[in-house]
Amino acid sequence: MPVTDTEVILRIRGLKVSFQTERGRIDVLDDISLNLRKGRVLSLVGESGSGKSVLGISIMRLLPSNASSSGEILYGGKNLLDLNERSMREIRGKEIAWIPQNPDTMLNPTLKIGDQIGEILIERYGYKRKEAWKTSVEILRKLGLNPPERIARSYPHQLSGGMKQRALLAIGIAGKPKVLLVDEPTKGLDSIMKEKALKALREIKNMRDSPAILLITHDLEFAEKLADVIAVMYCGQIVEITKAEYFFRSPLHPYSKLLLDALPSRGLIPIPGRHPNITDPPIGCRFHPRCPYSHSQEKCLDEPPMIPVGENEVKCWLYDDIRNSSDNAY
Ligand SMILES: Nc1ncnc2c1ncn2[C@@H]1O[C@H](COP(=O)(O)OP(=O)(O)OP(=O)(O)O)[C@@H](O)[C@H]1O
Ligand SMILES: [Mg+2]
């Protein structure tokens, strides 16, 4: 089934997020729009500081008190940005699960892994304690945590970083969420652990009631193995969004091309210049100071819109003349 034909579970439209700081207001996310679809993985990629985690935290409504947001995060017919904290608590961790960049912040150091998974099953689905423990072991087995009985009996400090990540995934999916947000699941992992994380996420993607998955990563090679759709983030904006196969075969945005050229498997060519500080984004196209095509283009000093081109949507003036007549519904 084509990616865009599957059911949209979470729809983000025109999301903006700012932080009020001592040095004034920082606009971190600018006009973000995307759809998360049932059983599909959308991978959000881009350099450090581009705003990927802030997007995940915004969906969970876990932004700090100095943040403000506008736009729409539509889930189950409601805009999450309008919900009060009590209603949000009913959704958070239950219908929308969040696996943060640093697993230690989410695991309870005083509870065995099996009990942390079981707690959700008891609370949400009324499991009896014994039954919850058995199911916890089964979930751990499914996600490749071996031997699952021993892992269930372990406390978080007894597990390696990679195991903690997968234990968190187990806790995340125990409540059968409709949306799973995973932030940098391969951070600090060696290639063996990465492979295990990949298998665990594939297992989740192939479950009968699989959630819509947002995979936040700057590991493009990992994203390639898992994603259906790639969204490229640059300095707080999405600059290209397309099916994964198109992205890896024929990306359109100059930044996307450079990101791919920087991969070890594709030449390891460093991207010129540095990602701008989000406190002071360049005017017009935010990528133009680093862009190999921008020098002859006066247009680049104006901000380009998101332009539908073939199967891609791309925020770059280079494609203004060949735009499609309608959007692509990513
Ligand atoms: N509480 C805050 N107050 C002010 N600025 C913040 C706050 N939280 C995040 N930011 C800023 O938002 C920007 C985006 O941060 P974010 O953590 O989303 O980046 P990222 O793309 O996830 O990076 P990485 O790949 O390193 O995880 C950064 O410039 C960061 O300094
Ligand atoms: Mg991050």
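Residues numbered from 1 in each chain as written. Chains lettered and ligands numbered in written order. Predicted model: local features only at pLDDT ≥ 70, side-chain atom pairs only at ≥ 80, totals over all residues. Heavy atoms only, no water.

**Some details on the packing of helix α3 (residues 113-125) against helix α6 (residues 161-174)**
To keep things clear, this is the line we draw: Between the N-to-C directions of two axes lies an angle of 0 to 180 degrees, each axis being a line fitted to C-alpha atoms and, for a helix, fitted only over the stretch in contact. Helical segments are the DSSP runs of H or I of at least four residues, strand segments are the runs of E of at least two, and each set is numbered from the N terminus. The scheme is simple: roughly parallel for angles under 35 degrees, roughly antiparallel for over 145, roughly perpendicular for 65 to 115, oblique for anything else. Should any heavy atoms of two residues lie within 4.5 Å, those residues are counted as being in contact.
Viewed as axis vectors pointing N to C, α3 and α6 meet at an angle of 10°, and their least axial separation amounts to 9 Å. Judged on the interaxial angle alone, α6 and α3 are roughly parallel. Between α3 and α6, the residues in contact are Ile113, Gln116, Ile117, Ile120, Leu121 and Tyr125 and Ala167, Ala170, Ile171 and Ala174, respectively.

**A look at empty space enclosed by the protein**
Once rolled over the atoms, a probe with the size of a water molecule shows which space is left empty. The following threshold applies: Only protein atoms enter the 1 Å grid used here. Points where a 1.4 Å probe fits but cannot escape make up a cavity, open sets with protein on both sides within 12 Å along at least five of seven lines make up a pocket, and a residue lines them when an atom lies within 4 Å of a point. Grid points are joined across faces, edges and corners, and a volume is the space filled by probe spheres set on the points. Gly counts as polar in this scheme, as do all residues outside two lists: the nonpolar Ala, Val, Leu, Ile, Met, Phe, Trp, Tyr, Cys and Pro, and the charged Asp, Glu, Lys and Arg.
Under the criterion given, the structure shown has three cavities of 30 Å³ or more. Size it by volume and the largest cavity reaches roughly 90 Å³. Along its surface, the largest cavity is lined by 14 residues, and Cys285, Cys291, Ser294, Cys300 and Cys316 are the ones closest to its centre. Here the residues of the lining of the largest cavity are counted per class, giving ten nonpolar, three polar and one charged.

**Quick look at the site of ligand 1**
We count it as follows: Nearness of a residue to a molecule or strand requires only that one of the residue's heavy atoms be within 4 Å of it. Here a polar contact means two N or O atoms within 3.5 Å. Within protein one must be a hydrogen donor candidate and the other an acceptor candidate, and residues neighboring in sequence count only if both atoms are side-chain atoms. Per-residue and other accessible areas were derived by the Shrake-Rupley procedure at a 1.4 Å probe size, with only the shown protein chains allowed to occlude residues.
Of all residues adjacent to ligand 1, which total 17 residues, the nearest are Ser48, Gly49, Lys52, Val54 and Gln101. Measuring from an oxygen atom of ligand 1, one finds a side-chain N or O atom of Lys52 at 2.8 Å. One of the side-chain N or O atoms of His218 is found 3.2 Å from an oxygen atom in ligand 1. Isolated, ligand 1 exposes 640 Å² of accessible area, and the fraction of that covered by the protein chains is 70%. Listing elements by their share of the shell around ligand 1, those giving two or more residues are β1 (8-21) and α1 (52-59). Top element by residues in the shell around ligand 1 is α1. It accounts for three residues. Partitioned by chemical class, the residues of the shell around ligand 1 number five nonpolar, nine polar and three charged.

**So, the coordination of the magnesium ion (ligand 2)**
Spelled out, the test is: Because water is not among the atoms used, a metal site may look incomplete, as its donors are only the N, O and S atoms within 2.8 Å, or 3.2 Å for Na, K and Ca.
Distances from the magnesium ion (ligand 2) to its protein donors, Ser53 (OG) and Gln101 (OE1), fall at 2.0 to 2.4 Å. Remark: Gln101 occurs in the loop between β6 (96-99) and α3 and Ser53 occurs in helix α1; sequence separation between them is 48 residues.

**Examining the layout of surface pockets**
The volume enclosed by the largest pocket comes to roughly 560 Å³. Along the walls of the largest pocket sit 20 residues, with Arg92, Gly93, Met106, Ile120 and Ile171 positioned nearest its centre. For the lining of the largest pocket, the secondary-structure elements that each account for two or more residues are β6, α3 and α6. With five residues, the top contributor of residues to the lining of the largest pocket is α3. The residue makeup of the lining of the largest pocket, split by class, is ten nonpolar, four polar and six charged.

**Section: the side chain of Asn312**
We count it as follows: For the exposure calls, accessible area comes from a 1.4 Å probe over protein chains only, and a residue counts as buried if that area is under 20% of its type's maximum, exposed if over 50%, partly exposed in between.
By secondary structure assignment, the location of Asn312 is in strand β12 (residues 312-314). For Asn312, a relative accessible area of 4% corresponds to the buried category. Apart from residues lying up to four places away in sequence, Asn312 is in contact with Glu240, Ile241, Thr242, Tyr246, Ser250, Pro251, Leu252, Ile307 and Asn328.

**Description of the sheet that holds strand β10 (residues 237-243)**
What counts is decided by this rule: In this analysis, strands are considered paired if DSSP registers two or more bridges between them.
Pairing is mixed in the open sheet, where eight strands are placed in the order β6-β7-β8-β3-β9-β10-β12-β11. Strands at the two margins of the open sheet, each flanked by one partner only, are β6 and β11 (307-309). The mean angle between the axes of side-by-side strands here comes to 20°, regardless of whether they run parallel or antiparallel. Inspection of the sheet shows strand β9 (residues 229-234) paired to β10 by six bridges, in the antiparallel sense. Within the sheet, the bridge partner assigned to Tyr234 lies in β10 and is Gln237. α6 contacts β6 and β7 (179-183) of the sheet and is inclined by roughly 170° relative to β6.

**Points about the nonpolar core**
Rules: Residue types Ala, Val, Leu, Ile, Met, Phe, Trp, Tyr and Cys, when buried and joined through side-chain atoms within 4.5 Å, form a set referred to as a nonpolar core.
Membership of the largest hydrophobic core comes to 99 residues, with the highest contact counts inside it found for Leu10 and Ile96. In terms of residue count, α6 provides more of this core than any other element does, eight residues in total. Once you skip the residues sitting within four places of it in the chain, Leu10 turns out to touch Leu34, Asn35, Leu36, Ile59, Ile73, Leu74, Tyr75, Leu80, Ile96 and Val179. Ranked by size, the runner-up nonpolar core spans six residues in total, among them Leu252, Val309, Val314 and Tyr319.

**Re the packing of aromatic side chains**
Condition: Note on aromatic contacts: the rings of Phe and Tyr and the six-membered ring of Trp form a pair at centre separations within 6.5 Å, being stacked when their planes are under 30 degrees apart, edge-to-face when over 60 apart, and tilted otherwise. Placement of a charge over a ring requires the Lys NZ or Arg CZ to be within 6 Å of the ring centre, with the centre-to-atom vector within 35 degrees of the ring normal.
Taken as a whole, this structure holds four aromatic pairs when the rule is applied. Seen in terms of ring centroids, Phe247 and Phe248 are 5.0 Å apart; in terms of plane orientation they differ by 90°. Their pairing is edge-to-face. There is no split in this pair, since Phe247 and Phe248 are both buried. With 5.1 Å between their ring centres and 55° between their planes, Tyr255 and Phe287 make a pair best called tilted. Linking Tyr255 in helix α10 (residues 254-261) with Phe287 in the loop between α10 and β11, this pair joins segments that are 32 residues apart in sequence. Like Tyr255, the residue Phe287 is buried in the burial classification. Taken together through their ring pairs, the aromatic side chains of Tyr234, Tyr255 and Phe287 make up a single cluster. The ring centre of Tyr125 lies 5.0 Å from the NZ or CZ of Lys176, which sits over that ring.

As far as function goes, none of this settles anything; it's purely spatial.
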